[in-house]
Each structure stands twice: as structure tokens, then as C-alpha cells.
Amino acid sequence: MKRKAALIYSIVLIIGIVVLVNLLASDFFVRFDLTENNRYTLSDATEDILDDLDQPITITAYFSEDMPQRIAETKSNFRDLLVEYAQRSEGMVNYEIINPAESDQNEKQIVRQTGIQPAMVNVRRKDQMKQQKVYMGAVIKQGSQKEVIPFIQPGSSMEYNISSNIKKLAATGKPFIGIMQGHGEPSMQNLGSVRQSLNVLYKPETFSLSDTANALQKYNTVAIIAPTDSFPESHLDQLDQYLARGGKLFIGLNRVKGDFRRARGTPLSTGLESWIQEKGIQVNSNFVIDANCQRVSVQQPNNPFRFSVEFPYLPIINKFPEHPITKGLEAVSMRFASTVEFVGDSSLTYTPLAKTSQQSGTQSPPLMFNVQKSWNESDFPKSGLTVAAALKGNLTGEGNTEMVVVGDGDFPVTQQGQQGGGNRDNISFMVNSIDWLSDETGLMALRTKGVTSRPLEQVEESRKTFLKYFNFLLPIVLIIGFGIFRFQHKRILRIKRMEADYV
């Protein structure tokens, strides 16, 4: 009778604890973030943005039901993140999650009003691969203004997507960022991804230098990207005056030019390289080659089929010294890059930002490209060549300022038929540099918070072997361990029951 009463008491106690936990869970949300870069923990930048809100924000997420597991996980993570935003903002952020496919009329209305389009994903059903229509977007509103996230990419930085759009709606008095034109630089249209990212905190606009003085005064930071024509002396003088007043510069400079049609590489000179060298950074006239590289499509004579080959003149950079600009970056794809080196004095602070792999080298122009060349280790005798750097100090005049120089001007450019520019880390590298130069670093770390590129080929062989056997053996060890524990527990219980005083 006593045992029966104790059992009933235990059951009631467990039910009470479960009810209490559920009641508390409705008011308190706790999650432990054990990811490598705290991907699911709100950053200080986000908390500052939420603290500065003076008008409520409404986030409406549109997700389909019954999605594949890998997609459903994105929905769950996004929902958990919205809960954290709502709680941290103390009611300034409200959210709801809607399934657009509840009815055909509702779905059409949502697509028309929000612009969120469904995506087609591959789904395996009963050993058959089918395509399923899914919605994974969100609309962020403040008053009559709104920003749309058309598609929430699995693995992307969801916090950056949300916080940047909230900041975009709430920000006032954005500083101007100048994108220089007039020397053969790419147009703003070819920098669409860069402009879109800069629009969050700044007002980016193109401008051309003239003989008029003070043309640069309005800009917090000036970006010079891939010029191909010569810089007149008067333009270089204006850049000197701009730096002397504390202006900041981002420069992506091509010292070489690659021509795929003629399969040749030639040197390139604009006069800007000499001006940069006077400040303390030299961009060398050479081609960086790297065993860690992109692939190009080639076609053999009299053969209609195309195949891809590795092309070391298009290096993939994934070695980034610790710096606010490069935090979270994983892979930047460059196009005919050149090495960068420090030629200044000890009064300046020189910081490498990006380096080649352990198997790399350089070649001097002019040269001919052989896309069918069989490359071996002897072709890459160098390692850790710097291709981007930051310089800080008294570059001209009497005051201190900063400059970021990259030995490739094409990496943030998006053009038809070209690689680069579309890589998210490419865009983040340039925009992070603008943030660092402009002292607007709040969202810098969030931009690269998701996982963008982590190919298995870059993992060491010993680590691959460890992970393979660990994943294989861990479930077996747990099952055997549980079996031993259960056997010992029953054995001890059986021995106790055999004792004379057992009740």
C-alpha cells in the first residue's frame, strides 16, 4: 500500500513539474548556443539596434509547412531567432509566421503584395526525387516602410538579414560613401551587390573628380575600384588633400590584366600605383598563382564537349589574419590578383588582411595562359603571399588616417561571364573594409556569421578520419554502454531481492 501511494505521489510530482516548466517556458525562452561562432546568440550590434528603436517593428515570416528536414531546420532557427528579438526588444519587435499555401487566394495575394516568390527544392519521397514548392521569406515593417527578405538561404546569417533590414528602416542621417568614376572604373550597376549591402548604413553614390576643389569633402570614405585609365596629377593632388583632412580610402587595384580570348596576361599601369607606393604600400606587377583556385570551362579543338580545369590565376583566398575586416570570412575568389607589400617606415601600421595558400607563387607579365597545363607542386614554391592589407598612420599632411588596398580590383565586381562579385564573402570583404574605415562596425561581424563555404577538401586528412570513425562508433559505444548499465542495474536489483531483509 505504501509503495502504491509513493508511486502515485511520484507521478503527480512529475506531472506538476512538467506543467510548471511549460508555464515558465511560455514567459521565458532559454537556448544554449554551442556553435563555433555563436550563430544563434544576438550580438551586441543587434542589441544596440533594438535599444535605439523608437517605433515598433513587425516581422512577418512566410514559411511553408511539411518541408524537407534540411529546410525545416532553417524555419525552426528563424522562428527561435524571432522569439529572441521580441524578448530582447521588450515589445518593440513583434512577429508572426504565415503559411502562404493555406489557400490559393491567400497565396496569390501574398505573392502580389510582398513580392516573395516560392522556390523549388528537391525532395525524396518513397525513393523518388520530386520537386516541392516552398516559401522561405520575410517582410519587415516599420510604419509605412518595409523591407523584404525574398528567400532565407539555409546556412546564411539570419541575424544579419534581420538586423540590417531593421537598421535600414530605422537609420537616419546616413553618411555618404563615394564610388569613384572617370578612370575606367566599373559602373555602380556592376557593383549591385556592394551597393545593396552599403545601403544599410550609408548612402553610396558615384562621382567623378574634376578640377574643382573640395569635390571629396562630403564623403566619409571613398572607394576606387579597378581603374584602367591614367590618373591626372590634379586628381592625385585631390586625393592627397582628402587624406590630409582625415578621409579614408578603399582601393582595389589591378596591376595586371588577363585576356581569356587571347589567352595572355599583360601589365597594367594607371599612375595610381605610384601614388599608393608613396604612402607605404606597393602593389606589384605580377600574377599570383595558387593551387587553391577556381575552375574554368575549356573546349578542345574539334571537340564539342566542354570540361572544367583548375586555373591557378584565379586564386581562392581563405587565409585571413585576425582583423575586424576579415572576421568570419571563409573564401574570397580573386581574379588575376597581384601581391601587396609594405614599403613604408616604422611610423605606419601595416596589417596584412588576406594571404595565399601554402602552395602559391607569382609570374611576371607579359605571359601566355595554358589552360591545359598540368600543374605540380614545383610550380608553387611560395606560401602566404599577401594580396590585401590595411595601412594606418600619417599618410600625408599632419593627421592620421587609414587605407585598405587589395591587389585585385575585380573581386567585388559582378559582370556577365565573369567570376567573382557573386561570392558573398567577396562582397563582405569590401563592405567590411568600408565599415572599418568609416568606424561603422556594428554589423560587420554579423555579415559573415553564417556558414558560407566549408568544403570537405580543405579539412585535414587526419581530421576527416577522426570525424568518420567518431560518427560511426559513437552510436555503437552509447548503445553498448547503455546495455552494460542496464545489465548491471538489473543484476544489483536482483541481488537485493535475494537478501533476507528485502521488502
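Each remark here, short or long, concerns the structure printed above.
Predicted, not measured: the structure shown is a model, and the values here were computed from it.

### A look at the pairing of strand S9 (residues 219-225)
Next, step 1: Of all 7 residues in S9, 6 are buried, a share of seventy percent or more.
Next, step 2: One ladder, built from 4 bridges, connects strand S7 (residues 176-181) with S9; its direction is parallel. Across the sheet, residue Gly 178 finds its bridge partner in S9, namely Val 222.
Next, step 3: Two strands pair when backbone bridges link them, and S9 and strand S10 (residues 248-252) are joined in this way by 5 bridges, in the parallel orientation. Its bridge partner being in S10, Ile 224 is matched across the sheet by Ile 251.
Next, step 4: Between S9 and its parallel partner S10, the chain crosses via helix H7 (residues 233-244), and the hand of that crossover is right-handed.

### Digging into the sheet that holds S10
Next, step 1: The strand order across the open sheet built from 7 strands is S8-S7-S9-S10-S23-S22-S19, with neighbouring strands paired in mixed fashion. Each having just a single partner strand, strand S8 (203-208) and strand S19 (349-355) make up the two edges of the open sheet. Strand-to-strand twist of the sheet, defined as the mean angle between neighbouring strand axes without regard to direction, takes the value 20°.
Next, step 2: Direction of pairing for strand S22 (residues 386-393) relative to strand S23 (residues 401-406): antiparallel, over a ladder of 6 bridges. Looking at the pairing, Gly 393 lines up with Thr 401 of S23.
Next, step 3: Strand contacts of helix H8 (residues 272-279): S9, S10, S22 and S23, with the helix running at about 130° to S10, the strand carrying the most contacts.

### Quick notes on helix H3 (residues 69-88)
Next, step 1: Here H3 is 20 residues long and its end C-alpha atoms lie 29 Å apart, about the 28 Å a rise of 1.5 Å per residue gives.
Next, step 2: Residues Ile 71, Thr 74, Lys 75, Asn 77, Phe 78, Asp 80, Leu 81, Leu 82, Val 83, Glu 84, Tyr 85 and Ala 86 constitute the buried set of H3.
Next, step 3: On its buried side, H3 packs onto helix H2 (44-51), strand S1 (57-63), strand S2 (93-98), strand S5 (136-142) and helix H5 (158-170).

### Thoughts on the layout of surface pockets
Next, step 1: Computed from the structure, the second largest pocket encloses a volume of approximately 720 Å³.
Next, step 2: Of all the secondary-structure elements, those providing two or more residues to the lining of the second largest pocket are strand S6 (145-149), H5, helix H6 (192-198) and helix H9 (424-438).
Next, step 3: With 5 residues, H5 is the single largest residue contributor to the lining of the second largest pocket.

### Here's the deal with the packing of aromatic side chains
Next, step 1: Scanning the model with the defined rule gives 17 aromatic pairs in all.
Next, step 2: Their ring planes at 15° and their centres at 5.5 Å tell us that Phe 336 and Phe 369 sit as a pair that is stacked. Of this pair, Phe 336 sits in the loop between strand S17 (332-333) and strand S18 (340-342) while Phe 369 sits in the loop between strand S21 (367-368) and S22, placing them 33 residues apart in sequence.
Next, step 3: Classification of Phe 336 by relative accessible area gives buried; the value is 3%.
Next, step 4: Relative to Phe 429, the ring of Phe 411 has its centre 5.6 Å away and its plane inclined at 40°; by these criteria the two rings are tilted.

Conventions adopted
Residues numbered from 1 in each chain as written. Predicted model: local features only at pLDDT ≥ 70, side-chain atom pairs only at ≥ 80, totals over all residues. Heavy atoms only, no water. Buried < 20%, exposed > 50% of the residue type's maximum accessible area, 1.4 Å probe, protein only. Helix = DSSP H or I, 4+ residues; strand = E, 2+ residues; numbered from the N terminus. Pairing = 2+ DSSP bridges. Right-handed = clockwise from strand over helix to strand, strands pointing away. Axes fitted to C-alpha atoms, helices over the stretch in contact; angles between N-to-C directions. Contact = heavy atoms within 4.5 Å. Expected span 1.5 Å × (residues − 1). 1 Å grid on protein atoms, 1.4 Å probe; cavity = no way out; pocket = protein on both sides within 12 Å on 5 of 7 lines; lining within 4 Å. Points joined across faces, edges and corners; volume = space filled by probe spheres on them. Phe/Tyr/Trp six-rings, centres within 6.5 Å; stacked < 30°, edge-to-face > 60°.

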